[in-house]
Amino acid sequence: MYSTLADVPEGAPKVTLESGIQNQNITIGQKLRLNCTSPFGAPPPHLSWRINQQLVNTSWVQNYPLRYRQNLAQSSSSLQFPASEGFLQHGRTIVVTCVAKPQTPNHVENGEEVQRQTHVTFTAKKQESSFWERMFSR
C-alpha cells in the first residue's frame, strides 16, 4: 500500500487588486481585475473564484503556470469581470472571494475539509449620467 505525503499550504491565499482601484471603491461598469496567489504547498492548491458566494464564469478566469520553490509549488490565478448592477448585494457591495482548496483527497483538519479563502468587498456607486443623458431621459 502506498501513502501520499502532502505539505498543505498554511494560511489563506493573497488577493491583490489591479492598480487604479482606490480603497475598494468602484463604479458600475468598471472592469475589475484581481490576482490570487496561494502559499507554497505540495501538491499546490486548486484556486477558484466566487462573486457573492457564486462560482464565476470560467471565461473571466486565467490560471497561470505553477511556480516552484524546492519541492513546493504555488498556484496563481486572475479574475477579470465587469462590475454590473446584477452583482450588487444590499444595494452597494460586491464580495469577491478566492478559494484555495488542497488537491489531496478528503484532507481534513479538526473534522472539517481544509479550504482557505480571502474575501475582498467592493463598494459600488452608479456611474454618473452625462448632461445629455439627463436631458433626454425626461
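Parameters at a glance
Residues numbered from 1 in each chain as written. Predicted model: local features only at pLDDT ≥ 70, side-chain atom pairs only at ≥ 80, totals over all residues. Heavy atoms only, no water. Core = buried A, V, L, I, M, F, W, Y, C linked by side-chain atoms within 4.5 Å. Buried < 20%, exposed > 50% of the residue type's maximum accessible area, 1.4 Å probe, protein only. Helix = DSSP H or I, 4+ residues; strand = E, 2+ residues; numbered from the N terminus. Contact = heavy atoms within 4.5 Å. Phe/Tyr/Trp six-rings, centres within 6.5 Å; stacked < 30°, edge-to-face > 60°. Lys NZ or Arg CZ within 6 Å of the ring centre and 35° of its normal. Pairing = 2+ DSSP bridges. Disulfide = S-S within 2.5 Å.

*Asks:* What am I meant to see in the nonpolar core here?
*Replies:* Generally speaking, a soluble globular protein has its nonpolar side chains buried in company with each other. Counting residues in each nonpolar core, the largest one holds 22 residues, and the members touching the most others are Leu34, Val96 and Phe122. With 4 residues, strand E10 (residues 93-101) is the largest single contributor of residues to this core. Those residues in contact with leucine 34 that sit more than four places away from it in its chain are Val15, Thr16, Leu17, Trp49, Ser77, Ser78, Leu79, Phe81, Val96, Val120 and Phe122.

*Asks:* What is the right way to read the packing of aromatic side chains from this model?
*Replies:* Across all of its chains, the model carries 3 aromatic pairs by this definition. A centroid spacing of 5.9 Å and a plane angle of 80° characterise the contact between tryptophan 60 and phenylalanine 87, whose relative ring orientation is edge-to-face. One end of the pair, tryptophan 60, is in the loop between strand E5 (54-55) and strand E6 (61-63); the other, phenylalanine 87, is in the loop between strand E9 (76-82) and E10, and 27 residues separate them in sequence. The rings of Trp60, Phe81 and Phe87 are connected pair by pair, giving a single aromatic cluster. One residue, arginine 69, lies across the ring of phenylalanine 40, its end atom 4.1 Å from the ring centre.

*Asks:* What's the story with the pairing of strand E13 (residues 116-125) in this structure? I'm lost.
*Replies:* Across a regular strand the side chains alternate sides, sitting on one face of the sheet and then on the other. Taken together, the 3 bridges between strand E2 (residues 25-27) and E13 define a ladder with parallel strand orientation. Note that in E13 the partner of threonine 27 across the bridge is lysine 125. In this sheet, E13 lies alongside E10 in antiparallel orientation, the contact comprising 8 bridges. What sits directly across from alanine 100, in E13, is arginine 116.

*Asks:* What exactly am I supposed to notice about the state of the cysteines here?
*Replies:* Here a disulfide denotes one covalent bond, and it connects the sulfur atoms of two cysteines. What the rule picks out here adds up to 1 disulfide. Here cysteine 36 pairs with cysteine 98 through a disulfide, and the sulfurs are 1.9 Å apart. The sign of the S-S torsion, about -80°, decides the handedness of the disulfide formed by cysteine 36 and cysteine 98: left-handed. With cysteine 36 in strand E3 (residues 31-37) and cysteine 98 in strand E10, this residue pair connects regions lying 62 residues apart in the sequence. Taking the relative accessible area as the measure of exposure, cysteine 36 reaches 0% and is therefore buried.

From the geometry alone we can't say anything about function, so treat these as descriptive.
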